[in-house]
Amino acid sequence: MLYLARIVKDQRILVAGVCRYITGFVYLAGVNLALTTVAASLCVVFAPTAAGPGIPEIKAYLNGVDTPNMFGASTLVVKIIGSIGSVSAGLDLGKEGPLVHIGACFASLLGQGGSENYRLRWKWLRYFKNDRDRRDLITCGASSGVCAAFRSPVGGVLFALEEVATWWRSALLWRTFFSTAVVVVVLRGFIEYCNSGRCGLFGRGGLILFDVSDVTVTYHVNDLLLVALVGVLGGLLGSLYNYVLHKVLRLYSLINERGRMAKLLLSLAVSLFTSVCLYCLPFLAPCTPCDPSSETICPTPEGSGNFKQFNCPSGYYNDLASLLYATNDDAVRNIFSTSTPNEFRSISLLIFFALYCVLGLVTFGIAVPSGLFLPIILMGSAYGRLLALALRSFIHIDQGLYAVLGAAALMSGSMRMTVSLCVIFLELTNNLLLLPITMFVLLIAKTVGDSFNPSIYEIILELKGLPFLEASPEPWMRNLTVGELAAAKPRIVSLQGIERVARVVDVLKHTSHNSFPVVDQGAPSSPGGTTELHGLVLRSHLVAVLSKKWFLKERRRTAEWEVRAAFTSVDLAEKGQKVEYVNLTEEEMDMYVDLHPFTNTTPYTVVESMSVAKAVVLFRQVGLRHLLVIPQYQGAGISPVVGILTRQDLRAHNILGAFPHPANKRRRGQKQER
């Protein structure tokens, strides 16, 4: 009887333990699913542009590509709330990318005076309504976001210079530096205020996030070889990560095409998979006895700390649970910790690295705000520390520093940044002695990664179809002329200097072009039939003229005072108006409009014999939206405009679609001459 009673008691204890574990999992998965639902629903319903990091879109905008509602008020609100929800849900993503996007949204809204529907009309705001100043403000906002994320002011400036900005000048340098300086001062003030205990957990950390300044770095020949190995592995793993992520994002794009519900279900499935992995995998790690000589309390009783007890007895901790159940920042601090050679087991680091690789691949691309910085830092630090553990008998540098080098190498191998990453890591770790080997690792990782595939942001730009122009044209573009490129396009649509209203409306309704050439008949003394190019008129200006109904009953040129009395610079700066909303009578359609006052008479033009390679360099460096191609010879019966080239026409992929073998063109011509 006693034996049976003992069996029944053991079974009850077992059932109670199983129920306790199941209850814990249901609680964890339920909270994560609820937070993911909030973040994904906001992105799917209200602001789809808030999903993802936002850095590729910022990079494209600063290159000249405008994504609708990318910096709107709804995107900003959803980005803030969605980032809080997605990070709190335990998903493998970071807040750094969204913070960059949030900074850019704030800068754009401040420059415009608010959103489209609720906008301030102060006169001084008109100075920021031109494209150049708006680009500068968004660049300052992006650098401020990096500074706020990593508390790295100089790194934020260099990030804007190296990664996002296409056009850089000295004035923009000090503007971004001023912006990041303000961010640091504000951060310092809040940290000092919160250090008194008034903010709970929010005030902890200081400006140095992952301080490893207590370690003296000494170099040996063996360490340089192993550091080079860290860089090579970072480049290989980074390029492999980009390749697999490219395939995953293509699959996700097919799923997302099925509608909003498919996007939401995909996000919830990833959240559930993440919860299962986070809850179950720590059971695979053995318990580690606490070091009695350590000054840190072990196991850690609070929610944050280095040593999580999890399922271990008193006096022991679970090293894998200490990484998985900590915040991302605490997890990085744990792996970066120095003078702790036995704190983490190799099997735990291996499981952590493999898990974050898988979670990073399946999480990025779902409909929630997400960043790539911190997940890649976690993966890189894990493999760096794992390599140091495997080769501990050959190294003379602390394992925590190898974790720092691994994180830098993997980020450089995936994102292909060097200068800004180097400064960011120096400001993160507060150890200037790491500078030489950090530079060494970053250069090796970038070189190895570039030999396999482009950076992760370039891959995302390609998948989103954003026409980003690279700094260097393809070599075969020297074999093509802009005249040949313009000839492959549909016939150009032009307007007369004094045009009928009906013709303007018809052109606007049946074309989607953003600008139109304006041509005039030549002087009476010129040969018959000769036309002259007057300039380029924008679509928004034509719609503004139609909205104001500034028409003429007879064909004549207007005086300057007439235009100034009817239009202001604010009227012509307004964008987003559509010709479909303009109601005109038949009498008004028969009137005329003088386009001369609204025409840019000095557009950038190139002769049709110029090579496409030169045109690409000119287009990108000057920051053009349109490039007029004019004939090499003028005369009667010859149109003054051969065509208009846009960035879509100058992209290598689109050119190869019209000219499949441009590289062989010159060779064929040489053979024919022989």
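Model, not experiment: these values are computed from the prediction.

Notes on the overall build of the protein chain
And then number 1: When helices and strands are tallied, the protein chain shows 27 helices and 10 strands.
And then number 2: Among the 674 residues that make up the protein chain, the fraction classed as buried is 51%.
And then number 3: A separation of at least 24 residues holds for 76% of the contacts in the protein chain among residues at least 6 apart in sequence.
And then number 4: If you sum the accessible surface of the protein chain, you get close to 32800 Å²; carbon and sulfur atoms cover 61% of it.

Structural notes on the sheet that holds strand β9 (residues 627-630)
And then number 1: Strand order in the open sheet formed by 3 strands is β8-β9-β10, and the pairing between neighbours is mixed. Looking at the sheet topology across the chains shown, the edges are occupied by β8 (605-607) and β10 (643-645). Strand-to-strand twist of the sheet, defined as the mean angle between neighbouring strand axes without regard to direction, takes the value 35°.
And then number 2: In the sheet, β8 pairs with β9 via 3 bridges, with the strands oriented parallel. Paired with T605 across the bridge in β9 is L628.

Observations concerning helix α4 (residues 96-112)
And then number 1: End to end, α4 covers 25 Å across 17 residues, agreeing with the expected 24 Å (1.5 Å per residue, within 8%).
And then number 2: The buried count for α4 comes to 14 of 17 residues, which makes it a mostly enclosed element.

Section: unusual backbone geometry
And then number 1: Even without a glycine there, the phi angle at N69 is positive, about 55°.
And then number 2: Take N69: it is sitting in the loop between α2 (55-63) and α3 (73-88).
And then number 3: Positioned with a positive phi, R416 is a non-glycine residue whose angle comes to about 65°.
And then number 4: Structurally, R416 is set in the loop between α14 (399-415) and α15 (419-429).

Overview of the environment of F273
And then number 1: When you line up the elements, F273 lands in helix α9 (residues 260-280).
And then number 2: Sequence separation between F273 and L91 is 182 residues, and the spatial gap between their C-alpha atoms is 9.7 Å.
And then number 3: Among residues more than four places away in sequence, those in contact with F273 are V358, L359 and V362.

So, the nonpolar core
And then number 1: Among the nonpolar cores identified, the biggest contains 94 residues, and F336, F352, F373, I377 and M415 are the most heavily contacted of them.
And then number 2: Looking at this core element by element, the count peaks at 12 residues for helix α13 (residues 373-390).
And then number 3: In this structure, M415 is in contact with E163, L372, F373, I376, S455, I456 and Y457, ignoring residues within four places of it in sequence.
And then number 4: Grouped together as the second largest cluster of nonpolar side chains are 23 residues, L495, V507, V518 and V563 included.

Let's talk about the packing of aromatic side chains
And then number 1: Counted by the stated rule, this structure contains 11 aromatic pairs.
And then number 2: Seen in terms of ring centroids, F150 and F373 are 5.4 Å apart; in terms of plane orientation they differ by 75°. Their pairing is edge-to-face. In this pair, F150 is assigned in helix α5 (residues 131-150) and F373 in helix α13, connecting sequence segments 223 residues apart. With respect to burial, F150 and F373 carry one shared label: buried.
And then number 3: A centroid spacing of 6.1 Å and a plane angle of 65° characterise the contact between Y279 and F283, whose relative ring orientation is edge-to-face.
And then number 4: Connected via pairs of aromatic rings, a cluster forms that spans Y21, F25, Y279, F283, F310 and Y325.
And then number 5: Here the guanidinium or amino end of R20 rests over the ring plane of Y21, the centre of that ring lying 5.1 Å away.

Re the pairing of β9
And then number 1: Judged by which residues are buried, β9 turns out to be covered on both faces: L627 and V629 on one side and L628 and I630 on the other are all buried.
And then number 2: The parallel pair β8 and β9 is bridged by helix α24 (residues 612-622), and the resulting crossover is right-handed.
And then number 3: With 3 bridges joining them, β9 and β10 adopt antiparallel strand pairing. In the strand pairing of β10, L628 is matched with I644.

Some points on the sheet that holds strand β3 (residues 495-496)
And then number 1: Strands sit in the order β3-β5-β6 across an open sheet of 3 strands; the sheet is mixed. Of all the strands in the sheet, the pair left with one neighbour each is β3 and β6 (531-538).
And then number 2: In terms of strand pairing, strand β5 (residues 515-521) meets β6 through 7 bridges, oriented antiparallel. When the sheet's bridge partners are listed, D520 is paired in β6 with E532.
And then number 3: Contacts from helix α20 (residues 539-548) reach β3, β5 and β6, with the element oriented near 80° to β6.

Some words on the pattern of salt bridges
A pair can form between side chains of opposite charge whenever their charged atoms are brought close.
And then number 1: A full pass over the atoms with the stated rule returns 14 salt bridges.
And then number 2: A salt bridge links E163 to K59; the shortest N-O distance between them is 3.3 Å. Within this pair, whereas E163 is found in helix α6 (residues 153-164), its partner K59 is found in helix α2, the two being separated by 104 residues in sequence. For the pair E163 and K59, a shared accessibility class is recorded, and that class is buried.

Here we look at the environment of I459
And then number 1: Among the structural elements, I459 can be located in helix α17 (residues 456-464).
And then number 2: Its relative accessible area of 4% is what places I459 among the buried residues.
And then number 3: With 210 residues separating them along the chain, I459 and L249 place their C-alpha atoms 9.7 Å apart.
And then number 4: The residues contacting I459, other than those within four sequence positions of it, are N242, H246 and P454.

Quick word on the state of the cysteines
And then number 1: In total, this model carries 1 disulfide according to the counting rule given.
And then number 2: With a sulfur-sulfur separation of 2.1 Å, C287 is cross-linked through a disulfide to C312. Across the S-S bond linking C287 and C312, the dihedral sits near -95°, which makes this disulfide left-handed. Of this pair, C287 sits in the loop between α9 and β1 (288-289) while C312 sits in the loop between β1 and β2 (316-317), and the two are 25 residues apart along the sequence.
And then number 3: A relative accessible area of 27% means that C287 is categorised as partly exposed.
And then number 4: Owing to a relative accessible area of 5%, C312 belongs among the buried residues under this scheme.

Regarding the packing of helix α12 (residues 346-363) against α13
And then number 1: Running from N to C, α12 and α13 cross one another at 150°; their axes reach a closest spacing of 9 Å. Relative to α13, the element α12 is oriented roughly antiparallel. Read as a crossing pair, α12 and α13 show a hand that is left-handed. Every residue of α13 that contacts α12 at S346, L349, L350, F352, F353, Y356 and C357 is listed here: L378, M379, A382, Y383, R385, L386 and L389.

Reading the values: rules and limits
- Throughout, residues of each chain are indexed from 1 in the direction in which the sequence is written.
- Reporting of local features is limited, given that this is a predicted model, to residues whose pLDDT is at least 70; pairs of side-chain atoms are given and counted only at 80 or more, and all residues count toward the totals for whole chains, interfaces and linings.
- No hydrogens and no water enter the side-chain calculation; it runs on all heavy atoms of the structure.
- The secondary structure listing takes helices from DSSP runs of H or I that are at least 4 residues long and strands from runs of E that are at least 2 residues long, numbered from the N terminus.
- When a residue's accessible area, from a 1.4 Å probe over protein chains only, is under 20% of the maximum for its type it is buried; when over 50% it is exposed; and in between it is partly exposed.
- For this analysis, residues touch if any pair of their heavy atoms sits within 4.5 Å.
- Every accessible area reported is derived by Shrake-Rupley at a probe size of 1.4 Å, with residue values counting cover from the shown protein chains alone.
- Should DSSP find at least two bridges between two strands, the strands are taken to pair.
- Orientation is described by lines fitted to C-alpha atoms, with helices fitted over the stretch in contact, and by angles between N-to-C directions that extend from 0 to 180 degrees.
- Expected helix span is given by 1.5 Å per residue-to-residue step, counting one fewer step than there are residues.
- Definition of nonpolar core: a set of buried residues of the types Ala, Val, Leu, Ile, Met, Phe, Trp, Tyr and Cys, connected through side-chain atoms within 4.5 Å.
- A pair of aromatic rings is counted whenever rings of Phe, Tyr or Trp (Trp by its six-membered ring) have centres within 6.5 Å, and the orientation is called stacked for planes under 30 degrees apart, edge-to-face for over 60 and tilted otherwise.
- Either the NZ atom of lysine or the CZ atom of arginine qualifies as a charge over a ring when it sits within 6 Å of the ring centre and within 35 degrees of the ring normal.
- For crossovers, right-handed means that the path from the first strand over the helix to the second runs clockwise, given strands pointing away from the viewer.
- Each reported salt bridge corresponds to a side-chain nitrogen of Lys or Arg within 4 Å of a carboxyl oxygen of Asp or Glu.
- The rule for a disulfide is simple: a pair of cysteine sulfur atoms within 2.5 Å.
- Comment on the angle field: the value is read as roughly parallel under 35 degrees, roughly antiparallel over 145, roughly perpendicular from 65 to 115, and oblique elsewhere.
- Throughout, a crossing is termed right-handed when the near helix is turned clockwise from the far one, and left-handed when it is turned anticlockwise from it by less than a right angle.

Nothing here speaks to function; it is all geometry.
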